[in-house]
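Architecture and fold: a report
Take a look at the letters that make up each chain.
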Amino acid sequence: AFSQDGSMLASCGVDGSICLWDVKTRRHLRSLSVPSDRLLSIAISPDQKTLIVGSQGIKAYIFQLDTGDCIQTVENFDIMLLALAISPNGQFFTTNSIGGRFGLWSTENGELVHALPIPRPYDGMNIRNVSGLSDTQMNSLRTLGAVDR
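Residues numbered from 1 in each chain as written. Predicted model: local features only at pLDDT ≥ 70, side-chain atom pairs only at ≥ 80, totals over all residues. Heavy atoms only, no water.

Regarding the sheet that holds strand β5 (residues 50-55)
Stated formally: Two strands qualify as a pair provided that DSSP identifies no fewer than 2 bridges between them. Working definition: helices are DSSP H or I runs of at least four residues, strands are E runs of at least two. Numbering for both runs from the N terminus. Angles here are taken between N-to-C directions and fall from 0 to 180 degrees, while the axes themselves are lines fitted to C-alpha atoms, restricted in helices to the stretch in contact.
Taken in spatial order, the four strands of this open sheet run β4-β5-β6-β7, and their pairing is antiparallel. Across the chains shown, the open sheet's two edge strands, defined by having one partner strand only, are β4 (39-44) and β7 (69-74). Neighbouring strand axes in the sheet, compared pairwise and without regard to direction, differ in orientation by 20° on average. Both strand β6 (residues 60-64) and β7 contribute to a ladder of five bridges, which runs antiparallel. In the strand pairing of β7, Tyr61 is matched with Thr73.

Here it is in structure tokens:
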């Protein structure tokens, strides 16, 4: 993720590492880490004071960039976070998880402000009396929103 002014780049890895880079000089500025978690998404606040990373371990970590401290761990996700973004005013961040939930969160305290389900292709489809499908296929349909009523 780039900072709003393009001067800083933040990267994250599946080993829990976070690196901050100066874009102009290509120099490494700082390393941060999250123990035992695979990081998949990252965002820098517009004022460059906050960094948020999302993980496969269903957590988001909020870092204070001037100190490098993790100031908040948010653990209210259903399945791994695929993407996140910070609002232009820096007060909120959004998440999109593989489980189909879009969340709007407070950057200040990590509280969920609003959650929206993302429509799935088979939402509400009744598969109770369906025959000829394997258990794997039935589970795939459930994952995509089908129900056994």
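Having seen it, we continue.
A closer look at a nonpolar patch on the surface
For the record, the criterion: Candidates for patches are residues over 30% relative accessible area with no salt bridge; among them, like charges are joined within 9 Å and nonpolar side chains (Val, Leu, Ile, Met, Phe, Trp, Tyr) within 5 Å. Accessible surface area values rest on a Shrake-Rupley calculation with a 1.4 Å probe, where residue burial reflects the displayed protein chains alone. A pairing counts as a salt bridge when a side-chain nitrogen of Lys or Arg comes within 4 Å of a carboxyl oxygen of Asp or Glu. For every residue, the accessible area obtained with a 1.4 Å probe (protein chains only) is divided by the maximum for its type, and the residue is called buried under 20%, exposed over 50%, and partly exposed between those limits.
Residues Tyr122, Met125 and Leu144 make up a contiguous nonpolar surface patch of roughly 230 Å² in combined accessible area. If you trace the backbone, Met125 turns up in the loop between β11 (112-117) and α1 (135-143). Here Met125 falls in the partly exposed class, since its relative accessible area comes to 37%.

It is worth stressing that arrangement in space is one thing and function is another; only the former is reported here.
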